[in-house]
Each structure stands twice: as C-alpha cells, then as structure tokens.
Amino acid sequence: YQRRVRALILLNQSEMSWVHYTSDSHFPIQNLPYGVFHLKTENADKARCGVAIGEEVLDLKVLQEAGFVLNKSKCFAQNSLNEFMSLGRHVWKQVRAVLTKLLEKDEPTLRDNKELRSKALVKQSDVVLLLPAHIGDYTDFYASIDHATNMGKILRPDEAALKPNWKHLPVGYHGRSSSIVVSGTPIRRPNGQKKPPTSDNPVFGPSVRFDFELEMAFFIGPGNKLGDPISIPSANEHIFGAVLMNDWSARDIQGWEYIPLGPFNGKNLGTTISPWVVTLEALEPFCIKGQTQDPQPLPYLRDEASAHYDIELQVLLKTSSMDKAQVISTSNAKHLYWSWKQMVVHHTSTGCNLRPGDLLGTGTISGPSPNSYGSIMELSWGGQKPFKLSNGESRDCLLYTSDAADEEDS
C-alpha cells in the first residue's frame with residue numbers, strides 16, 4: 001500500500017498545482033515545507049517565513065497581510081517559525097489546507113491575481129535561506145540499532161555491542177544549539193586535544209578523524225510545562241516537522257574526551273540542518289510500523305500505532321579532486337529502532353519541559369548492510385577498511401592531516 005501511494009504521488013504531483021514544476025521535484029504540492037528566507041537583494045532584518053513549492057517560495061507574510069492565513073497574527077512576518085510552531089497541530093492543519101487550496105490547479109484566487117501572485121511567489125534562486133527556528137535546546141539521540149551495534153563492535157570488540165540499557169530506553173545527550181547552522185554554512189576542521197594510539201600523552205592539533213553523521217531531526221511544537229510529561233498518545237501533537245541533519249564529528253577528539261561524561265568538543269564544532277521543515281502531515285503517506293522492539297519497552301514507551309517513516313536517505317561525497325559527487329551511503333529512516341514519539345516521551349518523562357523550536361536529533365541512521373552505514377567510521381570500519389571512491393581515492397575519514405584547513409570536500 002505504501003509503495004502504491006508513493007507511486008501515485010510521483011505520477012500526479014506535477015499535475016495538481018498551477019505552479020509549474022517537474023514530476024521529480026522535491027517540493028510538490030503534497031510537501032509544502034516551511035522555512036525562513038529573505039531576498040538576496042535584502043538585508044537579513046527582512047527575513048520572514050515561507051513555503052517551498054516547486055522552484056518557488058510562497059511568501060507567507062504577503063499572504064498573511066492579504067488576509068488569507070492567520071490574519072490576526074504576525075507570526076509569518078518574523079525571522080523564525082517559533083511562534084507558528086507554538087500554535088499547535090489544529091492551526092498547522094488549517095494553514096496547510098488553505099495553502100493547498102490556493103495552490104491547486106483549478107483554484108483562481110491567487111493564480112489569476114497577477115499583482116498578488118507577483119508579490120507572493122519568488123524564485124528560490126533569488127532568496128537566502130536561514131535557520132527555520134531559534135533553537136533554544138538541542139538533544140541528539142542514538143536511536144539506530146544498526147549504528148549502535150556497529151559502533152559497539154568497532155570500539156569495544158571484546159564486549160557486547162549494545163550496552164544493557166540500549167533496548168530499554170532511547171539513549172541521548174544534550175548538544176550545543178549555538179553551533180547549529182543551515183545547509184551551505186562552511187564548517188572548519190576543528191582543533192582539539194586527542195591521544196594518538198602510539199603516544200603515552202595527549203596532543204593538541206587539527207582533527208585527523210573528521211566525520212559526518214547521517215541523521216534526521218525534528219522540531220518541537222507547543223511543548224510541555226515543567227513537571228508535565230508528554231505521553232505516547234499526545235506525542236505527535238508536539239512534533240512540528242522534520243529536517244535532514246549532519247552532526248559533524250571529530251572522532252579522535254571525541255574518543256579521548258568522552259569517558260565518563262560523553263561527547264563534548266568532538267561534537268560541539270557544528271551541526272548542519274536543511275532549511276526546509278517537512279511537516280508530519282506531509283509525511284503521513286510514508287508512516288509505517290517500526291521494527292519489533294524486543295524486549296517490550298516499559299509501559300510509558302509502548303506504542304502500537306505506526307510511528308516510523310519510510311524516508312530514503314543518501315550521503316554524497318565530493319572531494320576537491322572529483323568532478324561530481326558520489327553516493328557513498330543509502331539508508332532509510334525506517335531503520336530507527338526508537339520512534340520520534342518515543343524520543344519525545346522519554347525526554348519529558350522526568351518532567352523536563354520542551355519548548356517551541358527545540359530540536360531533537362535521531363542519531364546516525366544506519367541500515368543493516370555496509371552500503372547503508374551512515375558515517376565514515378562505519379563505512380571504513382574504524383579505519384580498518386578504507387573505501388574506494390570513483391576517482392581512485394581511498395578514504396577512512398573525511399579529511400586527512402595533509403588536507404588544507406579549508407578543504408573543499410563536501
């Protein structure tokens with residue numbers, strides 16, 4: 001059924017809106033992800049909220065001022081989606097329904113209003129995309145069983161791959177929100193303290209085990225009051241939508257520092273997210289049952305509903321000596337063991353309060369086969385098995401010692 005729905009969407013998506021786009025567009029009328037932008041000819045203080053449709057951005061501030069959406073509010077005139085995120089699912093659905101109606105093929109309201117249309121639709125190529133929210137807090141989980149198992153085997157080959165708690169709760173840690181950046185922002189290779197395997201003492205210098213992590217992340221909507229946990233039945237009411245995420249990692253810095261308190265400088269150097277937030281409503285056709293959780297989670301984490309998503313994910317790598325990027329990993333969000341709902345519920349089970357715009361990451365999403373591993377740490381099996389690129393290069397990390405600090409690998 002899920003494959004049939006996806007096929008029908010691909011066949012029909014380009015015929016359902018008066019806005020022209022190709023059938024393979026990432027932004028058909030069924031998607032309508034939210035973001036924050038300003039024109040390249042404008043200063044950043046003109047930033048406002050928009051929705052992607054084909055190769056265009058629909059300016060929600062213009063529509064709001066024209067009285068089409070939430071005309072008693074100024075939430076879309078702001079430089080973040082936080083206020084809109086706080087309004088809740090009933091409002092999100094209402095706005096989505098209005099936008100979908102305005103963009104439908106046979107709807108003349110915006111299509112035939114030349115003056116309004118010229119103000120409301122701008123080309124994506126003419127805008128600067130910004131972070132979609134002011135991110136107050138950021139938590140990263142460790143929710144892929146294949147990734148956790150691989151890392152356990154690489155780092156602790158003589159021990160059980162999974163720690164005793166892993167199948168009982170979504171393991172996570174609190175990250176650094178100040179260094180979360182939007183796609184396209186340069187990330188410099190970090191300096192840090194690390195201990196080479198052949199040395200008795202640590203050294204300080206550029207990371208030589210720099211890595212990416214293929215993740216997704218989701219933004220919190222209304223959130224909860226301090227001391228008021230969120231339950232499984234209501235968890236989706238607090239999830240606004242999802243983005244792609246790369247949690248850059250300096251493996252050598254992290255390996256020396258992480259015992260006993262976990263990641264610190266090896267992770268805080270930068271986290272990249274995509275600018276467009278895809279809502280849960282847009283993802284509904286791809287919602288599936290997750291893998292069987294054995295042992296069964298404790299009652300507060302149990303969920304019989306479909307709460308995982310069949311979302312295909314890819315990692316492409318282009319080094320400075322390559323003409324075009326090469327796919328080095330193909331994974332899927334369905335490989336997550338713990339669902340987004342379970343992450344929210346466990347996070348708030350102590351009474352911790354989540355707030356609009358908070359970001360929760362899934363952790364690296366790896367699948368069961370080597371070509372689906374979501375980090376170079378796994379693809380090269382801790383550096384033991386460097387992988388070949390199409391131009392003949394071998395890689396067991398993202399940057400080598402000899403690479404320039406502003407290496408153009410991407």
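1. A word on helix α7 (residues 145-155)
Within α7, 8 of the 11 residues are buried, which leaves the element mostly enclosed by the surrounding structure. Residues Ile145, His147, Ala148, Thr149, Asn150, Met151, Gly152 and Ile154 constitute the buried set of α7. Buried residues in α7 make contact with α8 (251-257) and α11 (376-379).

2. Quick word on the sheet that holds strand β2 (residues 48-53)
Pairing in this open sheet of 5 strands is antiparallel, and the strands run β4-β3-β2-β1-β5 from one edge to the other. In this open sheet, the two strands that pair with only one neighbour each are β4 (121-123) and β5 (127-130). Looking at each pair of strands side by side, their axes are set apart by 45 degrees on average, direction ignored. Relative to strand β3 (residues 56-59), β2 is paired through 4 bridges, and the arrangement is antiparallel. Among the inter-strand pairings, Ile53 is bridged to a residue of β3, identified as Glu56.

3. Digging into the pairing of strand β13 (residues 239-247)
Moving residue by residue along a regular strand, the side chains alternate between the two faces of the sheet. The element β13 is extensively covered by neighbouring structure, given that 8 of its 9 residues are classed as buried. Sheet analysis places strand β12 (residues 214-220) next to β13, joined by 7 bridges and oriented antiparallel. Residue pairing for β13: Phe219 is matched across the bridge by Gly241. Sheet topology places β13 next to strand β16 (residues 278-279); 2 bridges connect them, and they run antiparallel. Among the inter-strand pairings, Gly241 is bridged to a residue of β16, identified as Thr279.

4. Re the pattern of salt bridges
Counted under the stated rule, the structure contains 20 salt bridges. Residue Arg355 is joined to Asp137 by a salt bridge in which the shortest nitrogen-to-oxygen separation is 2.6 Å. On the criterion of sequence distance, the pair formed by Arg355 in the loop between α10 (340-348) and β21 (359-361) and Asp137 in the loop between β5 and β6 (138-141) is long-range, its members being 218 residues apart. The class for Arg355 is partly exposed, based on a relative accessible area of 42%. The salt bridge involving Asp303 is made with Lys341; its shortest N-O contact spans 2.9 Å. One end of the pair, Asp303, is in the loop between β17 (287-288) and β18 (308-309); the other, Lys341, is in helix α10, and 38 residues separate them in sequence. The partly exposed category is assigned to Asp303, whose relative accessible area is 22%. Several salt bridges share partner residues, and in doing so they unite Asp211, Glu213, Asp247, Arg251 and Lys267 into one network.

5. Notes on the pairing of β6
Neither face of β6 is left uncovered, since the one carrying Tyr138 and Asp140 and the one carrying Thr139 and Phe141 both have all their residues buried. Sheet topology note: the β6/β21 ladder contains 3 bridges and is parallel. For Asp140, the partnering residue across the bridge sits in β21 and is Gly361. Relative to strand β7 (residues 172-174), β6 runs antiparallel, the two sharing 3 bridges. From the neighbouring strand, Phe141 faces β7, where its bridge partner is Gly172.

6. Some details on the side chain of Asn224
Within the secondary structure layout, Asn224 lies in the loop between β12 and β13. Looking at Asn224, the relative accessible area reads 10%, which means it is buried. Engagement of the side chain of Asn224 in a polar contact is seen with the backbone oxygen of Asp228, the distance being 2.9 Å. Only 2.9 Å separates the side chain of Asn224 from the backbone oxygen of Cys352, close enough to count as a polar contact. Excluding its chain neighbours within four sequence positions, the residues that come into contact with Asn224 are Pro229, Ile230, Thr348, Gly351, Cys352, Asn353 and Leu354.

7. Structural notes on the confidence of the model for the chain
In the predicted model, the chain carries a mean pLDDT of 93, and 93% of its residues have values of at least 70. Confidence over residues 1-9 falls short of pLDDT 50; this stretch has 11 contacts with residues more than four positions distant or in other chains.

8. Re the environment of Ile288
Relative to the assigned elements, Ile288 resides in strand β17. Judged by its relative accessible area of 17%, Ile288 falls in the buried class. Between the C-alpha atoms of Ile288 and Ala307, which are 19 residues apart in sequence, the distance is 6.3 Å.

9. A few points about the packing of aromatic side chains
Evaluation of the coordinates by the stated rule reveals 12 aromatic pairs. Between Tyr34 and Phe84 the ring centres are 5.1 Å apart and the planes differ by 50 degrees, which places this aromatic pair in the tilted class. Pair noted here: Tyr34 is in strand β1 (residues 34-39) and Phe84 is in helix α3 (residues 82-86), with a separation of 50 residues, a long-range link. Arranged with centres 5.5 Å apart and planes meeting at 25 degrees, the rings of Phe218 and Trp340 form a pair that is stacked. Linking Phe218 in strand β12 with Trp340 in helix α10, this pair joins segments that are 122 residues apart in sequence. On the basis of relative accessibility, which here comes to 0%, the residue Phe218 falls in the buried class. When its relative accessible area of 3% is taken as the criterion, Trp340 is described as buried.

Rules used in this analysis
- Residues numbered from 1 in each chain as written.
- Predicted model: local features only at pLDDT ≥ 70, side-chain atom pairs only at ≥ 80, totals over all residues.
- Heavy atoms only, no water.
- Buried < 20%, exposed > 50% of the residue type's maximum accessible area, 1.4 Å probe, protein only.
- Helix = DSSP H or I, 4+ residues; strand = E, 2+ residues; numbered from the N terminus.
- Contact = heavy atoms within 4.5 Å.
- Pairing = 2+ DSSP bridges.
- Axes fitted to C-alpha atoms, helices over the stretch in contact; angles between N-to-C directions.
- Salt bridge = Lys/Arg side-chain N within 4 Å of Asp/Glu carboxyl O.
- Polar contact = N/O pair within 3.5 Å; in protein donor to acceptor, adjacent residues only side chain to side chain.
- pLDDT = per-residue confidence, 0-100.
- Phe/Tyr/Trp six-rings, centres within 6.5 Å; stacked < 30°, edge-to-face > 60°.

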